[in-house]
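# Examining the three-dimensional arrangement
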Amino acid sequence: MDTHTKTTPTIDLEPAARQIVALLDGIDDQQLDGPTPCPDHAVRELLAHVAGLSTAFRDAARKDFGPTTDTPADAGLPVLGDDWRETLPPLLDELVTAWRDPAARQGMTRAGSVDLPGEVALLVALDELVIHGWDLARSTGQNYEGDEASLRASLAMLTPSDDNPRPESIFGPPVPVPADAPLVDRTIAMSGRRPDWKPGD
């Protein structure tokens, strides 16, 4: 995978994390069992996944290895705690803070039971926040703005190249969109999602 070391120093997770936090108040409890662009995840599982990935990548930044970093991403459907509205925002804050430490990007780390360079782990964490933030917005009838820097970094990571084969076991085949489509649509399409997806599709 391409480490994109030239762009990594400018990456900050806060805008993408803040977008997710802004969506939480717009999620009604009755929507928790609703569908998402992730076929096996209802909204509640998607929220639990965001909590789990935030914990895993926070600990990956700290090089605090253990069950949170060693559990495979496909270990099973995550369970959403009843206190998710209170616990998810500070957890996302911890994730952002952990990756602002320059030591987080140095050397190797681990997340989802996969060993990878710190700079790559940061890009993966950013992409997870961007794509799943969009998923949550679409699933609950909210707007997803996305900041340009995060979207461009995510698009670069998702775009196949000789150095970045982009495994389709993780991402579905890219969905064709016009070359002049909005940046958010091009990024989402490259992840294998239809930019016009809506519940019921």
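Residues numbered from 1 in each chain as written. Predicted model: local features only at pLDDT ≥ 70, side-chain atom pairs only at ≥ 80, totals over all residues. Heavy atoms only, no water.

### Digging into the pattern of salt bridges
Going through the model one piece at a time under the given rule, you end up with twelve salt bridges. A salt bridge links glutamate 14 to arginine 18, with the shortest nitrogen-to-oxygen separation between them at 3.3 Å. Of this pair, glutamate 14 and arginine 18 both sit in helix H1 (residues 14–24), four residues apart, roughly one helical turn. Residue arginine 18 is classed as partly exposed on the basis of its relative accessible area, which comes to 48%. Of the charged contacts in the structure, one is a salt bridge between arginine 85 and aspartate 29, with a shortest N-O distance of 2.9 Å. Note that arginine 85 is positioned in helix H4 (residues 84–99) and aspartate 29 in the loop between H1 and helix H2 (43–62), a separation of 56 residues in sequence. Residue class for arginine 85 comes out partly exposed when judged on its relative accessible area of 30%. (Salt bridge = Lys/Arg side-chain N within 4 Å of Asp/Glu carboxyl O. Helix = DSSP H or I, 4+ residues; strand = E, 2+ residues; numbered from the N terminus. Buried < 20%, exposed > 50% of the residue type's maximum accessible area, 1.4 Å probe, protein only.)

### Considering the pairing of strand S2 (residues 114–117)
Of the strand pairs in this sheet, strand S1 (residues 108–111) and S2 are connected by four bridges, and their pairing is antiparallel. By the bridge assignment, methionine 108 is partnered in S2 with proline 117. Between the end of S1 and the start of S2, which pair antiparallel, lie two residues, with glycine 112 showing a positive phi angle near 60°. (Pairing = 2+ DSSP bridges.)

### A few points about the side chain of serine 191
Position of serine 191 among the secondary structure elements: in the segment after helix H7 (183–190). According to the relative accessible area criterion, serine 191 is buried, its value standing at 2%. A polar contact of 2.6 Å, which involves the side chain of serine 191, links it to the backbone oxygen of isoleucine 188. (Polar contact = N/O pair within 3.5 Å; in protein donor to acceptor, adjacent residues only side chain to side chain.)

### Structural notes on the confidence of the model for the chain
Taken over all residues, the pLDDT of the chain has a mean of 90, while the share at 70 or more is 92%. Contacts of residues 1–9 to residues separated by more than four positions or lying in other chains number 17 contacts, the stretch itself having pLDDT below 50. (pLDDT = per-residue confidence, 0-100. Contact = heavy atoms within 4.5 Å.)

### Some thoughts on the packing of aromatic side chains
Two aromatic rings are characterised by how far apart their centres lie and by the angle between their planes. This structure, assessed with the given rule, holds zero aromatic pairs. Residue placement shows arginine 110 over the ring face of phenylalanine 65; its charged tip is 4.5 Å from the ring centre. (Phe/Tyr/Trp six-rings, centres within 6.5 Å; stacked < 30°, edge-to-face > 60°. Lys NZ or Arg CZ within 6 Å of the ring centre and 35° of its normal.)

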